[in-house]
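# Residue-level structural notes
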Amino acid sequence: AQRVTQPEKLLSVFKGAPVELKCNYSYSGSPELFWYVQYSRQRLQLLLRHISRESIKGFTADLNKGETSFHLKKPFAQEEDSAMYYCALKGPGTYKYIFGTGTRLKVLA
Amino acid sequence: DTGVSQDPRHKITKRGQNVTFRCDPISEHNRLYWYRQTLGQGPEFLTYFQNEAQLEKSRLLSDRFSAERPKGSFSTLEIQRTEQGDSAMYLCASTRMGGYEKLFFGSGTQLSVL
């Protein structure tokens, strides 16, 4: 079964603390992995994708095929990082993006 | 270019009524998706269009749901004989084939079935 699991519904951290949002996936093959973010009163938007191996707004995510994980990390959280974060996957050659249930990140002052 | 546009933003209807939502994707995007999102859940795939062709439809979607994209531009999603369980946010997203694989989402249509 194709599935994305985000075990934490809510993650609260203090400003300046490290952040790790967990994402585990189930897929028979090599999917493409993404992180989408939704800030308050804004649309869902792409944060980063594993293929690009990029750092966006200080966030990085490493694909661990052995553990089937794609955790999102940031060394020093900022208040503006408070948002809803969704992990998503797409199978190669397919159209469908499968989203996790999301994790709400709250960065406290 | 104002991004993906969805209309209406909110829809309140009585159980048993039909509703139709519209999505206008970014003009050069030939891929269009409909997703449904309920409280506490992530977006759930409903259907996908490549140009005017509907290439995939979720098995979870009952026959009461139908979507069209007649000229490969805007799309409509119709729900017939609405039920209270249809209450959700309906999201449209678009992207360009061969592009960056980045979905651009609309603001969504919030449906409430009374």
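Quick look at the structure, then. (Residues numbered from 1 in each chain as written. Chains lettered and ligands numbered in written order. Predicted model: local features only at pLDDT ≥ 70, side-chain atom pairs only at ≥ 80, totals over all residues. Heavy atoms only, no water.)

## Some points on the state of the cysteines
One pass over the full model with this rule turns up 2 disulfides over all chains. The disulfide partner of Cys-23 of chain A is Cys-87 of chain A, and the S-S distance across this bridge is 2.0 Å. Its torsion about the S-S bond being -65°, the disulfide of Cys-23 of chain A and Cys-87 of chain A is classed as left-handed. Taken together, the residues Cys-23 of chain A in the loop between β3 (19–21) and β4 (24–26) and Cys-87 of chain A in strand β9 (residues 83–90) connect sequence positions 64 residues apart. The two residues Cys-23 of chain A and Cys-87 of chain A agree in class, both being buried. For Cys-23 of chain B, the disulfide goes to Cys-92 of chain B, at an S-S distance of 1.9 Å. Where Cys-23 of chain B bonds to Cys-92 of chain B through sulfur, the torsion about that S-S bond is close to -70°, and the disulfide is left-handed. Here Cys-92 of chain B lies in strand β9 (residues 88–95) and Cys-23 of chain B lies in strand β3 (residues 19–24), a separation of 69 residues in the sequence. Residue class for Cys-23 of chain B comes out buried when judged on its relative accessible area of 0%. Take Cys-92 of chain B: its relative accessible area is 0%, and that puts it in the buried class. (Disulfide = S-S within 2.5 Å. Helix = DSSP H or I, 4+ residues; strand = E, 2+ residues; numbered from the N terminus. Buried < 20%, exposed > 50% of the residue type's maximum accessible area, 1.4 Å probe, protein only.)

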